[in-house]
Amino acid sequence: MSSHSAEVHAPVFVGATLAKLEALYPKYPTRMALLLPALWMVQEERGWVSDGAIHEVAEKLELTPAYIRGVITFYTMYHTHPVGRHFIQVCTTSPCNICGAEAVARALLEHTGCGELGATSPDGRFTVMEVECLGACGFTTPMLIDDDFIEGVTVESVPALLARYP
Amino acid sequence: MGYPHPIHPKETPVLSTHFGDAGARTFDGWTSRGGYVALKKALTMTPEQIVDEVKASGLRGRGGAGFPTGLKWSFMPKEDGKVHYLCCNADESEPGTFKDREIIRWTPHALIEGCAIGALAIRAEVAYIYIRGEYTEPCTILQRAVDEAYAAGALGANAFGSGKRLEVIVHRGAGAYICGEETALMNSLEGRRGNPRIKPPFPAVAGLFGLPTTINNVETLAAVPHILNRGAAWYAGLMLGNPKSTGTKLISVCGHVQRPGTYEITLGLPMKELIFDACGGMLPGRTLKAVIPGGSSVPIMTPEEVETCVTDYEGIAAAGSLLGSGGMIVMDDTTDMVYQIMRLARFYAHESCAQCTNCREGTGWTTRILERIVRGEGKPSDLDLLMDLAENMTGKTICVLSDSCATPVVSGIQKFRSEFEAYLSGARAPVLVGV
Ligand SMILES: Cc1cc2nc3c(=O)[nH]c(=O)nc-3n(C[C@H](O)[C@H](O)[C@H](O)COP(=O)(O)O)c2cc1C
Ligand code: SF4
Ligand code: FES
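Engineer: Could you give an account of the environment of Thr363(B), with specific residues and numbers?
Structural biologist: Residue and element names in this part refer to chain B. As for its placement among the helices and strands, threonine 363 is situated in helix H15 (residues 357-374). For the pair threonine 363 and threonine 26, spaced 337 residues apart in the sequence, the C-alpha separation amounts to 44 Å. Beyond its immediate stretch of four places on either side in the chain, threonine 363 contacts Ala345, Tyr348, Ala349, Ser352, Asn358, Met393, Leu401 and Cys405. Engagement of the side chain of threonine 363 in a polar contact is seen with the backbone oxygen of cysteine 359, the distance being 2.7 Å.

Below, the structure is given as structure tokens:
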């Protein structure tokens, strides 16, 4: 089944999530400024930003879907496709690189079964991405698993760490 | 303090005094540690008085450019009848830099207080803190602190009963280094792609939402309450011989030192003492090869240059590099300079917003040429080609990301040429690129 199937989009902005969005309205002079916060809410609820969600955000914020797509693709953290149950972002930029970050990234690919960067493991459990500097260069190797910021990851600590994310 | 290490005698803890002390994170904890006294004082001062005090302190921007903060604030229009904004730059994404994160997660109220005072100084009622999306834990801590500050009446329509409105709003980014550039940050906050804007107009004239705006780094704003509390003269006296570089600076040191961490030094400390004393020096059996002192965008220094360098704005400039953000990357003799310069180029190529041809094409070509050198497929003319490209990437684009990519390449080729030549001649075995 393709992601473009005619499946009906169940609205994200209802109940508490709608209230959360509306609470932000008075904090900004334009609706457009709510775009990044709204997309975060979608991703927190659904794990990714679907086409249906883009249309819903467009309607809420009085923007066009094409405009929103243009913005989403500028940023690395929004997913426009479903990803593994746990999304791993590991830093390999130079300061981490000189302390062995590429070996950690390779260990992640091996132990998750993802095989290559950006791919999802066959069991749907993990997706591993290489990212640029996470702003924790003194704590090599840092990575994000979902919203958990984890520091000091080594090749040896990878298996036990992954076990915490069923 | 050299978080996560204990305070070293070579340090001067001011901003970092409470790093690692979770009790300082709450409103009550912060208040009992002397917090919010400065804001209460600022609420009784005129904007001019605050600006003059900060001017007299000599405080300079800690985000990279080192522009005098009081002077920047004084550019904001007076009695123009327009809404003004303060933006706090918490995008911290420059490789090697991880100091703002410690301020945000250990002393969030110091930042909130700094934002509130900064807003008063520039006649703004609203301050937006733009925090990078990857800082999940700091963002949660900061938002909790902001909520507490509202609940305690420090922020809101009537800040501390002063009749003045002060709002601090946390805005989360979504992954893009370029959003740390001030005008890109404003575009991103407005709900746009994070493309830097052509200047002029400068933000003080037309910034966020087209209105007069000042943007300051986290560390800059966090220093302000201390200046109001202890006086401009005290702050200006924190220096080691150079009155142009006053105060303390957080230096986040990473790479091949015994104790990586965020150190707070009085500006002017010899770089050698920071690296070899405070950070414990090199790992056993290793020797120093190179230092990138101010985030990845500044020229690479050799051990000889480090030997006599003092760590302040003018001192590092005299040694041929820049203090920049204070993100210090230390590399020892195990480092493959060519590979790491390639990796830095790839960072800039990945982060280029691509609106300027010289940046978009230049960062891409620089990366591809460096990759082929590392793979053993370089051509003898490649070093000249890289230098040529670098020249075309410098001073020709909307923002300086393009220049930042050229900088490590040029200084790398100039100072570590033999390592490039070893790849080109085949004396050094080729290496696989990437993960
Ligand atoms: C590509 C680029 C990235 C930048 N990233 C940051 C950043 O992450 N944090 C920051 O404070 N300043 C960053 N800056 C500098 C800002 O543009 C701006 O000068 C700074 O936030 C001003 O604050 P200050 O005067 O307090 O230093 C960056 C500049 C450029 C060109
Ligand atoms: S120099 Fe690069 S990052 Fe800066 S505006 Fe131009 S293309 Fe964008
Ligand atoms: S380079 Fe890896 S966190 Fe900064």
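Engineer: Would you mind going over the site of ligand 1 in detail, with residue names and values included?
Structural biologist: All names here are of chain B. Taken together, 18 residues lie around ligand 1, and Gly63, Lys72, Asn89, Asn217 and Thr220 are the ones closest in. The contact in question runs from an oxygen atom of ligand 1 to an N or O atom on the side chain of lysine 72, over 2.8 Å. Note that an oxygen atom of ligand 1 is positioned 3.2 Å from one of the backbone N or O atoms of glutamate 92. Taking 610 Å² as the accessible area of ligand 1 by itself, protein coverage stands at 89%. In terms of residues, the shell around ligand 1 owes the most to one element, strand S4 (residues 213-217), which gives three residues. Grouping the constituent residues of the shell around ligand 1 by class yields four nonpolar, eight polar and six charged.

Engineer: Got a sec to walk through the pattern of salt bridges? Specific residues and values, please.
Structural biologist: Residue and element names in this part refer to chain B. Applying the stated criterion across every chain, the model contains 33 salt bridges over all chains. Close ionic contact of arginine 123 with glutamate 48 constitutes a salt bridge, the shortest N to O distance being 2.5 Å. On the criterion of sequence distance, the pair formed by arginine 123 in the loop between helix H6 (108-121) and strand S2 (126-131) and glutamate 48 in helix H3 (residues 47-57) is long-range, its members being 75 residues apart. Under the relative-accessibility criterion, glutamate 48 is labelled partly exposed at 35%.

Engineer: Explain helix H6 (residues 101-112) of chain A to me, using residue names and the numbers behind them.
Structural biologist: With twelve residues, H6(A) extends 16 Å from end C-alpha to end C-alpha; this agrees with the ideal 16 Å at 1.5 Å per step. Restricting attention to buried positions, one finds in H6(A) the residues Ala101(A), Glu102(A), Val104(A), Ala105(A), Ala107(A), Leu108(A), Leu109(A) and Thr112(A).

Engineer: Give me the lowdown on the nonpolar core, citing residues and values where you can.
Structural biologist: Ranked by internal contacts, the top residues of the largest apolar core, which has 159 residues, are Tyr75(A) and Leu111(B). Once residues within four sequence positions are removed from consideration, Tyr75(A) is found in contact with Leu36(A), Tyr130(B), Ala174(B), Gly175(B), Ala176(B), Cys179(B), Ser188(B), Arg192(B), Arg193(B) and Gly194(B). Leu269(B), Met271(B), Met282(B) and Val306(B) belong to the second-largest nonpolar core, a separate cluster that totals 24 residues.

Engineer: Tell me what's going on with the site of ligand 2, and back it up with residues and numbers.
Structural biologist: Neighbouring ligand 2 are 13 residues; Cys353(B), Gln355(B), Cys356(B), Cys359(B) and Cys399(B) lie closest to it. Its residues assigned to classes, the shell around ligand 2 comprises nine nonpolar, four polar and no charged.

Engineer: Please set out the interface of chain A and chain B residue by residue, giving values where relevant.
Structural biologist: With 46 residues of chain A at the contact, the number on the chain B side is 59 residues. When the two sides are added together, the surface that chain A and chain B hide from each other amounts to roughly 4,100 Å², 59% of it contributed by carbon and sulfur. The largest per-residue losses of area from chain A upon contact with chain B belong to Phe74(A), Ile98(A) and Glu132(A), which jointly make up 17% of the total buried on that side. The interface formed by chain A and chain B includes four salt bridges. In this structure, Arg346(B) and Glu130(A) form a salt bridge, with 2.9 Å as the shortest nitrogen-oxygen distance. Contributions of two or more residues to the side of chain A that touches chain B are made by helix H2 (35-46), helix H4 (65-72), helix H5 (94-97), H6 and strand S2 (126-131) of chain A. Among the elements that line the side of chain A that touches chain B, the one with the most residues is H2(A), at five residues.

Engineer: Which residues make up the packing of H15(B) against helix H18 (residues 417-425) of chain B, and what are the values?
Structural biologist: All names here are of chain B. With their axes 8 Å apart at the nearest point, H15 and H18 run at an angle of 65 degrees to one another. Counted together, Leu370, Ile373 and Val374 of H15 and Phe420, Tyr423 and Leu424 of H18 form the full contact between these two elements. Classifying every residue of the contact of H15 with H18 gives six nonpolar, no polar and no charged.

Engineer: Describe the sheet that holds strand S1 (residues 86-91) of chain A, listing the residues and the values that go with them.
Structural biologist: Residues and elements named next belong to chain A. Read from one edge of the open sheet, four strands run S2-S1-S3-S4, paired in mixed fashion. Strand pairing shows two members of the sheet lacking a second neighbour, S2 and strand S4 (148-150), which therefore form its edges. Strand after strand, the sheet turns through a mean of 20 degrees between neighbouring axes, direction not considered. Inspection of the sheet shows strand S3 (residues 143-145) paired to S4 by three bridges, in the antiparallel sense. When the sheet's bridge partners are listed, leucine 144 is paired in S4 with phenylalanine 149. Packing against the sheet, H6 makes contact with S1, S2 and S3, and its axis sits at approximately 160 degrees to S1.

Engineer: I'd like a description of the environment of Met393(B), backed by residues and values.
Structural biologist: Residues and elements named next belong to chain B. Tracing the chain through its elements places methionine 393 in helix H16 (residues 382-393). With 319 residues separating them in the primary sequence, methionine 393 and serine 74 have C-alpha atoms 33 Å apart. The contacts of methionine 393, once residues within four sequence positions are left out, are Asn358, Gly362, Thr363, Thr366, Ser402, Asp403, Cys405 and Ala406.

Rules behind the numbers
Position labels on residues start from 1 in each chain and follow its written sequence. Chains and ligands are labelled sequentially in the order written, the chains with letters from A and the ligands with numbers from 1. Two thresholds apply to this predicted model, a pLDDT of at least 70 for residue-level local features and 80 or more for giving and counting side-chain atom pairs, whereas whole-chain, interface and lining totals are computed over all residues. Hydrogens and water molecules were not included; the side-chain quantities draw on all heavy atoms of the structure. For the purposes of this entry, the term helix denotes a DSSP run of H or I that reaches at least four residues, the term strand denotes a run of E that reaches at least two, and both are numbered from the N terminus. Contact definition: two residues touch when any of their heavy atoms are within 4.5 Å. Counted as a polar contact is a pair of N or O atoms within 3.5 Å, where, for protein atoms, one must be capable of donating a hydrogen and the other of accepting one, and residues adjacent in sequence contribute only when both atoms are in side chains. One heavy atom within 4 Å of a molecule or strand is enough for the residue carrying it to be called near that molecule or strand. For accessible areas, the Shrake-Rupley method is used with a probe of radius 1.4 Å. Any residue's cover is judged against the shown protein chains and nothing else. Classification convention: Asp, Glu, Lys, Arg as charged; Ala, Val, Leu, Ile, Met, Phe, Trp, Tyr, Cys, Pro as nonpolar; all other residues, Gly among them, as polar. Should a side-chain nitrogen of Lys or Arg be within 4 Å of a carboxyl oxygen of Asp or Glu, the pair is scored as a salt bridge. Each residue's exposure class comes from its accessible area (1.4 Å probe, protein chains only) as a fraction of the maximum for that residue type: buried when under 20%, exposed when over 50%, partly exposed otherwise. One less than the number of residues in a helix, times 1.5 Å, gives the span that helix is expected to have. Among the buried residues, those of types Ala, Val, Leu, Ile, Met, Phe, Trp, Tyr and Cys that are joined through side-chain atoms within 4.5 Å form a nonpolar core. Each of two parts loses accessible area, computed with a 1.4 Å probe, when they are put together; buried area is these two losses added. Inter-axis angles, ranging from 0 to 180 degrees, are taken between N-to-C directions of lines fitted to C-alpha atoms, where helices are fitted over the stretch in contact. When DSSP finds at least two bridges between two strands, those strands are taken to pair.

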